[in-house]
Amino acid sequence: MIYFDNAATSFPKPKAVIEAMEDYFFNIGGSTGRSGHRMAVKASELVFNTREQLAQLFKIKDSSRIVFTKNATESLNLAINGFLEKGDQVATTSMEHNSVMRPLRYLEQRGQIKIFTVQANREGLVDPEAFADILKKEKIKLVVVNHASNVTGSIAPIDIIAEIVHRYGSHMLVDAAQTAGAYPVDVASDNIDMLAFTGHKSLLGPQGTGGLYVREGIELSPIIRGGTGSNSEKEIQPDFLPDQFESGTLNIIGIAGLGAGVKYVLEQGVSNIRQEELKLTEMFIKEAGKIEGVELCGPSDMNKRVSVISFNISRYAPSTVAYLLDKHFDIACRSGLHCAPSAHATMGTHPQGTVRFAFGCFNNAAEIEKGLTALAEISLKEEY
Amino acid sequence: MPQVVVIVFKSTHDVIKAKSELEKACIAHELIPTPKEISSECGMSLRVEKPLLSRALELFQSTGVRYRDDLL
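So, here's what we can say about the structure. Just so you know, these numbers come straight off a predicted model, no measurement behind them.

Parameters at a glance
Numbers given for residues are sequential positions, taken from 1 along each chain in its written order. Written order determines the labels here, with chains lettered from A and ligands numbered from 1. Reporting of local features is limited, given that this is a predicted model, to residues whose pLDDT is at least 70; pairs of side-chain atoms are given and counted only at 80 or more, and all residues count toward the totals for whole chains, interfaces and linings. The side-chain figures draw on all heavy atoms in the structure; neither hydrogens nor water molecules are used. Salt bridges are identified by distance alone: a Lys or Arg side-chain nitrogen within 4 Å of an Asp or Glu carboxyl oxygen. Elements are defined by DSSP. Helices are runs of H or I of four residues or more, strands are runs of E of two residues or more, and each kind is numbered from the N terminus. Between buried and exposed lies partly exposed: a residue is buried under 20% and exposed over 50% of the maximum accessible area for its type, with that area taken using a 1.4 Å probe on protein chains only. Definition used in this section: a nonpolar core is a set of buried Ala, Val, Leu, Ile, Met, Phe, Trp, Tyr and Cys residues joined via side-chain atoms within 4.5 Å. In what follows, a contact means two residues having at least one pair of non-hydrogen atoms within 4.5 Å. A pair of strands counts as paired when DSSP detects no fewer than two bridges linking them. Buried area: the accessible area, evaluated with a 1.4 Å probe, that two parts lose upon being put together, summed over both parts. Between N or O atoms, a polar contact is any pair within 3.5 Å; within protein, one atom must be a potential hydrogen donor and the other a potential acceptor, and residues adjacent in sequence are included only when both atoms are from side chains. When residues are sorted by character, Ala, Val, Leu, Ile, Met, Phe, Trp, Tyr, Cys and Pro go into the nonpolar class, Asp, Glu, Lys and Arg into the charged class, and all the rest, Gly among them, into the polar class. For every element, the axis is a line fit to its C-alpha atoms; helices are fit only across the contacting stretch, and the angle between N-to-C directions ranges from 0 to 180 degrees. What counts as a ring pair is set by centres within 6.5 Å for rings of Phe, Tyr and Trp (its six-membered ring), and what kind of pair is set by the plane angle: stacked under 30 degrees, edge-to-face over 60, tilted for all other angles.

Here the focus is the pattern of salt bridges. Per the counting criterion, the structure on display carries 19 salt bridges over all chains. The shortest N-O distance in the salt bridge between A:D193 and A:R215 comes to 3.1 Å. Here A:D193, found in the loop between β6 (171-175) and β7 (194-198), pairs with A:R215, found in the loop between β8 (210-214) and α7 (252-268); they are 22 residues apart in sequence, far enough to count as distant. The class for A:D193 is buried, based on a relative accessible area of 2%. The exposure class assigned to A:R215 is partly exposed, which follows from its relative accessible area of 23%. Of the charged contacts, one joins B:K24 and B:E21 as a salt bridge, the two residues approaching to 3.5 Å between their closest N and O atoms. Of this pair, B:K24 and B:E21 are both found in helix α1 (residues 12-24), three residues apart, which corresponds to roughly one turn of the helix. Residue classification places B:K24 among the exposed positions, given a relative accessible area of 61%. Owing to a relative accessible area of 13%, B:E21 belongs among the buried residues under this scheme.

Written out as structure tokens, the structure reads:
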């Protein structure tokens, strides 16, 4: 099977990820923060080391500002629900995933917040000045921006947007689900207040892992409260990170795998991974554009996209193309709306959606060739 | 035998960070379950010999390890 569904979850994982998870189950056991025996200490060290590696990756000075969650969706829910209060106003883009839009729309429906949306162009690119237009007129507490679209792969210039956001005294939440590990993220130079990431995509960890970086000074309310192993004499939730947002036993085996995934990414270097994935993306886009009937979506400027590519083949429904690729060509990909209806509306592909290829760091040029051949065959055939 | 001091930390994250910093600085220490008479915390604490305490605390302050000053 050729795996082009890395925007859903990455596959395969580095062997070190599986080995780290095995090592935890076979040799470490133990929970973090509760007991003081050596097995518990080892587990606590493992969690600490993963946090430190993530801090190194995102250039975070104090790793205690990273909170573990089960995925980017939980991180975004924590950031949105924990930060916003009744009467607040939010600005976001038309390229957001439902992991942002659903928590926001829920608060809007309950009459608690007002949402302002920056419309991206048909390539999925947002103009940073459009945020200034809103921020000039309205008091916006939070700006939520998808770093790279899971539909078009289009990258938002988060550093430029953040500069505008802070100029007007607002705060910046970045959804890095598609960029963490695949595109450089620097919370200091990008001026990010909160960064939501998942562990199982380009960080190459297992599902069930993710996190939220919270800049010092950002006051969040927890969405879950409970035991943390600290301040146990009190029945009041601790007010310090990471404990404030990590009640209950952590997914230690997942965090063990995530740590090994992040270590792998750090060893390879995000810039190198980015260059390799960009080469495959360029190669695919250049050749796919020549196939009759193939309509590509997303930015034409390669520097403004990650390795996520949406397209359609004329005469075919996206789901039919994905089915044919799976059945006849052993190619795994995703079709439909990709949980981002507004991004598809922006591109003009709503409601039918698109076929999505998402390349990862373990794909190679030979696989891209096979993908192109498959698309050409499907496009040329009268009927399957 | 020199007197020993138990240092209690704000969170598990800080205990492990403290342990890692002490190891890097070659300051002898031992990780122990927090003694009941010091605090009702259910986590871990660090024990160091009293002559090493000031060096350890300086190290914690410079690296941002959050320890419980009130319980020293």
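Right, let's get into the nonpolar core. Residue and element names in this part refer to chain A. In this structure, L54, F58, V143, M172, L195 and L203 are the most contacted members of the largest nonpolar core, which totals 59 residues. The element that contributes the greatest number of residues to this core is α7, accounting for eight residues. Leave out the neighbours within four places in its chain, and L203 touches L54, L57, F58, A180, G181, F197, T198, L258, G261, V262 and V265. One finds I2, F284, F311 and F329 within the second-largest nonpolar core, a separate group that totals 29 residues.

Here six bridges tie strand β3 (residues 88-93) of chain A to strand β4 (residues 113-118) of chain A, and the two strands are oriented parallel to one another. What sits directly across from A:T93, in β4(A), is A:V118.

All names here are of chain A. Burial within strand β13 (residues 354-358) is extensive, with five of its five residues counted as buried. Judged by which residues are buried, β13 turns out to be covered on both faces: T354, R356 and A358 on one side and V355 and F357 on the other are all buried. Alignment of strand β12 (residues 334-336) against β13, held across three bridges, turns out to be antiparallel. Bridge pairing in β13 links G336 to T354.

Looking now at the interface of chain B and chain A. Listed per partner, the contact involves 17 residues of chain B and 21 residues of chain A. Here chain B meets chain A over a buried area of about 1,600 Å², counting both sides, of which 57% is carbon and sulfur. There are one salt bridge connecting chain B and chain A. A:E45 serves as the salt-bridge partner of B:K19, at 2.4 Å between the closest nitrogen and oxygen. Where chain B touches chain A, the interface holds three residue pairs in polar contact (both at pLDDT 80 or more). Counting residues per element, the ones that place at least two in the side of chain B that touches chain A are α1 and β2 (30-33) of chain B. Element by element, the count of residues in the side of chain B that touches chain A is highest for α1(B), at six residues. Considered class by class, the residues forming the side of chain B that touches chain A number five nonpolar, six polar and six charged.

By the element assignment, A:D5 lies in the loop between β1 (2-3) and α1 (15-28). Each residue touching A:D5, except ones within four places of it in the same chain, is listed here: A:A332, A:C333, A:R334, A:R356 and A:A358.

The next thing to look at is the side chain of A:Q89. All names here are of chain A. For Q89, the position within the fold is in strand β3. In this structure the side chain of Q89 is engaged in a polar contact, spanning 3.1 Å, whose partner is the side chain of E138. Polar contacts involving the side chain of Q89 include one to the main-chain carbonyl oxygen of K139, which spans 3.1 Å. If sequence neighbours within four positions are ignored, Q89 has contacts with K114, F116, E138, K139, I140, K141 and L142.

Attention shifts here to the sheet that holds strand β3 (residues 44-49) of chain B. Residue and element names in this part refer to chain B. Read from one edge to the other, the open sheet built from three strands follows the order β1-β3-β2, with strand pairing classed as antiparallel. Bordering the open sheet on either side are β1 (4-8) and β2, each of which pairs with just one other strand. Sheet twist, expressed as the average angle between the axes of neighbouring strands with direction ignored, equals 35 degrees. Note: β1 against β3, five bridges, orientation antiparallel. Each bridged residue has a counterpart across the sheet, and for V8 the counterpart in β3 is S45. Its contacts with the sheet put helix α2 (residues 53-63) on β1 and β3, and the angle it makes with β1 is roughly 20 degrees.

Residues and elements named next belong to chain A. The four strands are arranged β9-β10-β13-β12 in an open sheet whose pairing can be described as antiparallel. With one partner strand each, in any of the chains shown, β9 (294-296) and β12 form the two edges of the open sheet. Going from strand to strand, the sheet's axes swing by 30 degrees on average, the running direction of each strand aside. Both β9 and strand β10 (residues 308-313) contribute to a ladder of three bridges, which runs antiparallel. Counted as the bridge partner of E295 is N312 from β10.

This brings us to the packing of aromatic side chains. Residue and element names in this part refer to chain A. Tallied over the full model, the rule gives 13 aromatic pairs over all chains. Taking 5.5 Å as the distance between ring centres and 65 degrees as the angle between the ring planes, the aromatic pair formed by Y3 and F11 counts as edge-to-face. Accessibility expressed as a relative area gives 53% for F11, which makes it exposed. Here the aromatic cluster, defined as three or more aromatic residues joined through ring pairs, consists of F4, F284, F311, F357 and F359.

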